[in-house]
Amino acid sequence: MKYFAATAIFFVGLIIGSIPLFFSSSKKLKALLEYCEALTTGLFLGVGLTHLLPEAVAKYLEQSPPGSQPTTIFAICAGTAIVLQIMESTGRKIARKNNEHAHWLSYFLIMVLSVHSILEGLVLGFEMN
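Residues numbered from 1 in each chain as written. Predicted model: local features only at pLDDT ≥ 70, side-chain atom pairs only at ≥ 80, totals over all residues. Heavy atoms only, no water.

Along the chain, the regular secondary structure elements total four helices and zero strands. When the helices and strands of the chain are placed in sequence order, the string is α-α-α-α. The globule rule puts the C-alpha radius of gyration for 129 residues at 14 Å, and the 18 Å found for the chain is more than 25% above it. C-alpha atoms of the chain, sized along the principal axes, occupy 55 × 35 × 20 Å. Pairs at least 24 apart in sequence give 52% of the contacts found in the chain among residues at least 6 apart. Element-wise, carbon and sulfur atoms account for 73% of the exposed surface of the chain, whose accessible area totals about 10,400 Å². If the 9 positive side-chain charges of the chain are averaged to one point and the 8 negative ones to another, these points end up 11 Å apart. (Helix = DSSP H or I, 4+ residues; strand = E, 2+ residues; numbered from the N terminus. Rg over C-alpha atoms; globule rule 2.2 N^0.38 Å. Contact = heavy atoms within 4.5 Å. Areas by Shrake-Rupley, 256 points an atom, 1.4 Å probe, with all protein chains shown as cover. Lys, Arg positive; Asp, Glu negative; His and termini not counted. Charge placed at Lys NZ, Arg CZ, Asp CG, Glu CD.)

Our focus in this paragraph is the side chain of Ser64. By the element assignment, Ser64 lies in the loop between helix H2 (27–63) and helix H3 (71–97). A polar contact is formed between the side chain of Ser64 and the backbone oxygen of Tyr60, at a distance of 2.9 Å. (Polar contact = N/O pair within 3.5 Å; in protein donor to acceptor, adjacent residues only side chain to side chain.)

Further remarks concern a nonpolar patch on the surface. Where nonpolar side chains cluster on the molecular surface, the patch consists of Phe11, Val12, Ile15, Ile16 and Ile19 and spans about 460 Å² of accessible area. The residue Ile16 is located in helix H1 (residues 2–23) in this model. (Patch = residues over 30% accessible without salt bridge, like charges linked within 9 Å, V, L, I, M, F, W, Y side chains within 5 Å. Salt bridge = Lys/Arg side-chain N within 4 Å of Asp/Glu carboxyl O.)

A separate point is the packing of H1 against H2. Their axes nearest at 8 Å, the elements H1 and H2 cross at an angle of 145°. When H1 is examined against H2, the residues Pro20, Phe22 and Phe23 are found in contact with a partner set consisting of Leu29, Lys30, Leu32, Leu33 and Cys36. Broken down by class, the residue content of the contact of H1 with H2 amounts to seven nonpolar, no polar and one charged. (Axes fitted to C-alpha atoms, helices over the stretch in contact; angles between N-to-C directions. Nonpolar A, V, L, I, M, F, W, Y, C, P; charged D, E, K, R; others polar.)

With that settled, the discussion passes to H1. The first and last C-alpha atoms of H1 sit 32 Å apart over 22 residues, in line with the 32 Å expected at 1.5 Å per residue. Regarding H1, the residues found buried are Ala6, Gly13, Gly17, Ser18 and Phe23. (Expected span 1.5 Å × (residues − 1). Buried < 20%, exposed > 50% of the residue type's maximum accessible area, 1.4 Å probe, protein only.)

Before going further, it helps to examine H2. Look at H2: 52 Å from first C-alpha to last across 37 residues, which is about the 54 Å you get at 1.5 Å a residue. The sharpest bend along H2 reaches about 35° and sits at Gly48. (Bend = angle between axes of the 7 residues up to and from the residue.)

Relative to the elements of secondary structure, Ile9 occurs in helix H1. Taking relative accessible area as the criterion, Ile9 reaches 28% and is therefore assigned partly exposed. Distance from Ile9 to Ala38, taken between C-alpha atoms, is 22 Å for residues 29 residues apart in sequence. Look past the residues within four positions of Ile9 in its chain and what remains in contact with it is Ser117, Glu120 and Leu124.

Read these as spatial facts, not as claims about activity.
Next up, the structure:
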């Protein structure tokens, strides 16, 4: 079952990651891509801040000495959001400058999502329940 979950996550990431390639071929669909980007950004922020961050803080407080403050977790969360924003804005600047070579960004994103899916599959495989 774990191998099935890892494979399914990999292929879903690959399929979802290739959607921008199809959307960028049409002007009508290209406009929808901006709305999809806003939706996914909000979704990732919402899930991260409402589900993952409280769980990370709870686990940190369980394993740390009494009186510890989880400031490291909040710093990592903020730093990750900043780094992702910098990566996105840099990618857009590069795509605007080199309009004829802008397609490489989509392929790069597919590769990053594929590696993420492999890592997610490994994490699922290590879980006991």
